[in-house]
Amino acid sequence: MILNNTLHNSTVTVADIRRAHDVFGPAVPSLQGKTKQRIPEPVESTILARIPASLFKNIRHATLSIDFMFVNSVPFHVSKMRRIEFGTIKAVDNLSTSTMLRCTKSIIQKYQSRGITIDEVMSNNQFTPIADEIGPPLLNICAPNEHVGDIEVFVRTLKERSHCIHSALPYGL
């Protein structure tokens, strides 16, 4: 428009427009309308992975270890299946009997849905209130002041690894 002199009686020159572009940069609304949208991240499939039959042959019956751990005063229900060393962790609101029972039964049902029968659940005496309500798996509670070794090691490993990740973050939480 300026170059072709289509704006009559304008004192703005081409040099003025170049200087304004150097000082202020390109017009942001114009760029926003013309910018191509970024490609979104692909959505992950939620279909469960198929477990080979050869692996299932050896793990039809298993033992589950359970415990609670705390991170910044937030309780987590932690479990670990002994035979294949598979662990789960779930944040919980409190340590009530109903929460213990709900979380433990939920984990047992997840294994049963995959064809694995939990024959025994190992825990410390914190889970004594749900011993009669747990159902078909036997809840094996260790003596007071004793701990189930494999779940205690698993909890310690989780805490160490989460601390390493936290320490490697470039910003503070």
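Our subject in this report is the structure included herewith.

The rules behind the values
- Residues numbered from 1 in each chain as written.
- Predicted model: local features only at pLDDT ≥ 70, side-chain atom pairs only at ≥ 80, totals over all residues.
- Heavy atoms only, no water.
- Helix = DSSP H or I, 4+ residues; strand = E, 2+ residues; numbered from the N terminus.
- Buried < 20%, exposed > 50% of the residue type's maximum accessible area, 1.4 Å probe, protein only.
- Contact = heavy atoms within 4.5 Å.
- Areas by Shrake-Rupley, 256 points an atom, 1.4 Å probe, with all protein chains shown as cover.
- Salt bridge = Lys/Arg side-chain N within 4 Å of Asp/Glu carboxyl O.
- Pairing = 2+ DSSP bridges.
- Axes fitted to C-alpha atoms, helices over the stretch in contact; angles between N-to-C directions.
- Polar contact = N/O pair within 3.5 Å; in protein donor to acceptor, adjacent residues only side chain to side chain.
- Core = buried A, V, L, I, M, F, W, Y, C linked by side-chain atoms within 4.5 Å.
- Phe/Tyr/Trp six-rings, centres within 6.5 Å; stacked < 30°, edge-to-face > 60°.

What the protein contains, in helices and strands, is 5 helices and 5 strands. Counting from the amino terminus, helix and strand elements in the protein follow one another as α-α-α-β-β-β-α-β-β-α. For the protein, the residues scored as buried account for 25% of the 173 residues in total. Taking contacts inside the protein between residues at least 6 apart in sequence as the whole, the part at least 24 apart equals 51%. When the accessible area of the protein is evaluated, it comes to approximately 12900 Å², of which 57% is carbon and sulfur surface.

Any two side chains of opposite charge can pair, given that their charged atoms come close. Across all of its chains, the model carries 3 salt bridges by this definition. Between Arg19 and Asp16 there is a salt bridge, with its nearest N and O atoms 2.5 Å apart. Here Arg19 pairs with Asp16, and both are found in helix H1 (residues 14-24), just 3 residues apart, close to one helical turn. Look at Asp16 and you get partly exposed, because its relative accessible area is 30%.

Bringing the sheet that holds strand S1 (residues 61-71) into the picture now. The mixed open sheet is built from 5 strands, whose spatial order is S3-S2-S1-S4-S5. The sheet is open, and its two edges are formed by strand S3 (86-91) and strand S5 (138-141), each paired on a single side. Pairs of neighbouring strands in the sheet enclose a mean axial angle of 25 degrees, with direction left out of account. Pairing between S1 and strand S2 (residues 74-81): 8 bridges, direction antiparallel. In the sheet register, Met69 faces S2, and the bridge partner there is Phe76.

Further remarks concern the side chain of Ser79. Along the chain, the position of Ser79 falls in strand S2. A distance of 2.3 Å separates the side chain of Ser79 from the side chain of Thr88, its partner in a polar contact. Those residues in contact with Ser79 that sit more than four places away from it in its chain are Leu64, Ser65, Ile66, Phe86, Gly87, Thr88, Ile107, Ile151 and Phe154.

Turning to the nonpolar core, a few remarks are in order. One broad trend across soluble globular proteins is that nonpolar side chains are buried collectively. Counting residues in hydrophobic clusters, the biggest one holds 20 residues, and the most contacted among them are Leu64 and Ile118. Of all elements in the fold, only S1, helix H4 (97-113) and strand S4 (117-123) reach the threshold of two or more residues within this core. Broken down by element, the residue count for this core peaks at 6 residues, all from H4. Other than its neighbours up to four places away in sequence, Leu64 contacts Ser79, Lys80, Met81, Ile107, Ile108, Tyr111, Ile118, Glu120, Val121 and Met122. Within the second largest apolar cluster, 9 residues are counted, among which are Phe76, Cys142, Val148 and Phe154.

On inspection of all chains with the given rule, the structure shows 2 aromatic pairs. On the basis of an interplanar angle of 5 degrees and a centroid distance of 5.2 Å, the ring pair of Phe68 and Phe127 is categorised as stacked. Taken together, the positions of Phe68 in strand S1 and Phe127 in the loop between S4 and S5 put the pair 59 residues apart, joining distant regions of the chain. Phe127 gets classed as buried once you look at its relative accessible area, which sits at 0%.

Take the pairing of S1 next. Buried residues dominate S1, accounting for 8 of its 11 residues. Direction of pairing for S1 relative to S4: parallel, over a ladder of 5 bridges. Residue pairing across strands places Ala62 opposite Ile118, the latter belonging to S4. Where S1 folds back on S2, the antiparallel hairpin that results is connected by 2 residues, among which Asn72 adopts a positive phi of roughly 50 degrees.

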